[in-house]
Amino acid sequence: MPAWSKAPPRSHESGARPGRVRARAVTLGFFLALAPAGCSAFGYPGGVSGPLPASPPSPDEPLPSTYVVRGVRYTTLASSEGFRDVGIASWYGEPFHGQPTASGEVYDMYALTAAHRSLPLPTCVEVRRLDEDRTVVVRVNDRGPFVFDPRGDRIIDLSYSAAMALDLVWLGTAEVEIRALDDERC
């Protein structure tokens, strides 16, 4: 029989094991399917292109001193003077990008901002990651975190850029110390 009429070898005849060939094909197909979606298949970042224009809060209405989220009443502090706390920081990004914050600003995941449950809005805060001694200064302009936290130790939600500065984006959370600042460093 001529060589050109012979059927191509099956995977086990070529020396490769059938399971490995199939696994490689499935893996390659998975990554090719993700390519058009970018990283958005993993929840961040997708179609977000860059910083949003700043939108100052409305000075017409004062922010409330108490508020309710999921049936829980929270009271904001009258002042941030001397405020310090230690706990877990998390971050929030793309799903909230472009949405209004509690202060009335538009959330910009590329700005150095954060959400806190009780600090007055706005408050400048230094956030220090305890295990790597990294710091970032952020402006608290939103309320949170309100994610389910069985231990109740999440104390601040950082913007994507603030989380990048602390190198906690891929970890998701890290132990931090937060300290309110008196000056306008943010």
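Quick caveat: nothing in here was measured; it's all calculated off a predicted structure.

Rules of the game
- Residues numbered from 1 in each chain as written.
- Predicted model: local features only at pLDDT ≥ 70, side-chain atom pairs only at ≥ 80, totals over all residues.
- Heavy atoms only, no water.
- Helix = DSSP H or I, 4+ residues; strand = E, 2+ residues; numbered from the N terminus.
- Buried < 20%, exposed > 50% of the residue type's maximum accessible area, 1.4 Å probe, protein only.
- Contact = heavy atoms within 4.5 Å.
- Areas by Shrake-Rupley, 256 points an atom, 1.4 Å probe, with all protein chains shown as cover.
- Salt bridge = Lys/Arg side-chain N within 4 Å of Asp/Glu carboxyl O.
- Core = buried A, V, L, I, M, F, W, Y, C linked by side-chain atoms within 4.5 Å.
- Polar contact = N/O pair within 3.5 Å; in protein donor to acceptor, adjacent residues only side chain to side chain.
- Pairing = 2+ DSSP bridges.
- Axes fitted to C-alpha atoms, helices over the stretch in contact; angles between N-to-C directions.

**Student:** Help me out: how do you make sense of the overall build of the protein in this one?
**Tutor:** When you go through the protein residue by residue, the secondary structure sums to two helices and eight strands. Starting at the N terminus and ending at the C terminus, the protein contains elements arranged as α-β-β-β-β-β-β-β-α-β. Taken over 186 residues, the protein has a buried fraction of 33%. Considering only contacts in the protein between residues 6 or more positions apart, those separated by 24 or more positions represent 72%. For the protein, the accessible area works out to roughly 11,700 Å², and carbon and sulfur atoms hold 56% of it.

**Student:** Which parts of the structure should I look at to understand the pattern of salt bridges?
**Tutor:** Any two side chains of opposite charge can pair, given that their charged atoms come close. With the rule as written, the count across this model stands at ten salt bridges. Here Arg-129 makes a salt bridge to Asp-131, at a shortest N to O gap of 2.6 Å. By relative accessible area, which is 2% here, Arg-129 ends up buried. A residue is classified by how much of its surface remains accessible, and Asp-131, at 55% relative accessible area, is exposed. Between Arg-134 and Asp-167 there is a salt bridge whose closest N-O contact spans 3.9 Å. With Arg-134 in strand 6 (residues 134-142) and Asp-167 in the loop between helix 2 (160-165) and strand 8 (174-180), this residue pair connects regions lying 33 residues apart in the sequence. Each of the salt bridges in this network shares a partner with another, and the network as a whole consists of Arg-129, Asp-131, Glu-132, Arg-134 and Asp-167.

**Student:** Explain the nonpolar core to me, please; I cannot follow it from the model alone.
**Tutor:** Among soluble globular proteins, nonpolar side chains are generally buried collectively. In terms of nonpolar packing, the biggest core is built from 27 residues, with Val-127, Val-138, Ile-156, Leu-158, Val-176 and Ile-178 touching the most fellow members. When residues of this core are traced back to their parent elements, those giving at least two are strand 4 (113-115), strand 5 (123-129), strand 6, strand 7 (154-158), helix 2 and strand 8. Residue contributions to this core peak at four residues, all from strand 8. Filtering out sequence-adjacent residues up to four positions away, Val-176 remains in contact with Asp-85, Val-86, Gly-87, Ile-88, Ala-89, Val-127, Arg-128, Arg-129, Leu-130, Ile-155, Ile-156 and Leu-166.

**Student:** I tried to follow the side chain of Ser-103 on my own but got confused; where do I start?
**Tutor:** When you line up the elements, Ser-103 lands in the loop between strand 3 (84-91) and strand 4. Taking relative accessible area as the criterion, Ser-103 reaches 9% and is therefore assigned buried. Reaching out from Ser-103, the side chain makes a polar contact with the side chain of Thr-101 at a distance of 3.0 Å. A distance of 2.9 Å separates the side chain of Ser-103 from the backbone oxygen of Asn-141, its partner in a polar contact.

**Student:** Any chance you could explain the sheet that holds strand 7 here in plain terms?
**Tutor:** Backbone-to-backbone hydrogen bonds join strands into a sheet, with any given pair of strands oriented parallel or antiparallel. Spatially, six strands are ordered 3-7-4-6-5-8 in a closed barrel, and the strand pairing comes out mixed. When strand polarity is set aside, the average angle formed by the axes of neighbouring strands in this sheet is 45 degrees. Pairing of strand 3 with strand 7 involves four bridges; the strand directions are parallel. Among the inter-strand pairings, Ile-88 is bridged to a residue of strand 7, identified as Arg-154.

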